[in-house]
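What follows is each chain in one-letter form.
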Amino acid sequence: MPYVNIKITREGDTPEQKKQLIAGATRLLQEVLGKNPQTTFVIIEEVDTDNWGIAGETVTERRKKGM
C-alpha cells in the first residue's frame, strides 16, 4: 500500500494540475514497482510560501528578490 506525500507551495495550482500529479505518481509506482493503483494513496499538501524556507529565507522573501 504505497503512500506518496507531495508538498508544494500554495500558489494557485489548479485542481486539474493536482489531478495530473496524483495520476502521474500513481502510474509511476505501478510502472516502476508494480504497485496496485487501487491501493496507492497520494496526498498533496500545500504550504504557504511564508512557511517554506530555503537557505535561511522564506520562499516569499526569495521571490521578492527575484530568486
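Described below are features of the structure shown in this document. (Residues numbered from 1 in each chain as written. Predicted model: local features only at pLDDT ≥ 70, side-chain atom pairs only at ≥ 80, totals over all residues. Heavy atoms only, no water.)

### Digging into the pairing of strand β2 (residues 41–47)
- Pairing of strand β1 (residues 3–9) with β2 involves seven bridges; the strand directions are parallel. Bridged to isoleucine 6 within β2 is isoleucine 44.
- A crossover links β1 with its parallel partner β2, the connecting element being helix α1 (residues 15–33), and its sense is right-handed. (Pairing = 2+ DSSP bridges. Helix = DSSP H or I, 4+ residues; strand = E, 2+ residues; numbered from the N terminus. Right-handed = clockwise from strand over helix to strand, strands pointing away.)

### Here's the deal with unusual backbone geometry
- Backbone geometry at alanine 55 places phi at a positive 55°, although glycine is not the residue there.
- With respect to the secondary-structure elements, alanine 55 resides in the loop between β3 (53–54) and β4 (57–58).

### What to know about the pattern of salt bridges
- Inspection of every chain in the model, using the stated rule, returns four salt bridges.
- In this structure, arginine 62 and glutamate 57 form a salt bridge, with 3.6 Å as the shortest nitrogen-oxygen distance.
- Among the ionic contacts, a cluster of salt bridges with common partners joins Glu57, Arg62 and Lys65. (Salt bridge = Lys/Arg side-chain N within 4 Å of Asp/Glu carboxyl O.)

### Considerations on α1
- End to end, α1 covers 27 Å across 19 residues, agreeing with the expected 27 Å (1.5 Å per residue, within 8%).
- Buried within α1 we find Ala25, Thr26 and Leu29. Taken around the axis of α1, the buried residues stretch over an arc of 90°, which confines them to a single face. Opposite the packed face of α1, turned more than 90 degrees from it, sit the exposed residues Lys19, Gln20, Leu28, Glu31 and Val32.
- Taken together, the buried residues of α1 touch β1 and β2. (Expected span 1.5 Å × (residues − 1). Buried < 20%, exposed > 50% of the residue type's maximum accessible area, 1.4 Å probe, protein only. Arc of directions from axis to C-beta. Contact = heavy atoms within 4.5 Å.)

### Structural notes on a nonpolar patch on the surface
- Taken together, the side chains of Met1, Tyr3, Phe41 and Ile43 make up a nonpolar region of the molecular surface, amounting to roughly 480 Å² of accessible area.
- With respect to the helices, strands and loops of the structure, tyrosine 3 is situated in strand β1. (Patch = residues over 30% accessible without salt bridge, like charges linked within 9 Å, V, L, I, M, F, W, Y side chains within 5 Å. Areas by Shrake-Rupley, 256 points an atom, 1.4 Å probe, with all protein chains shown as cover.)

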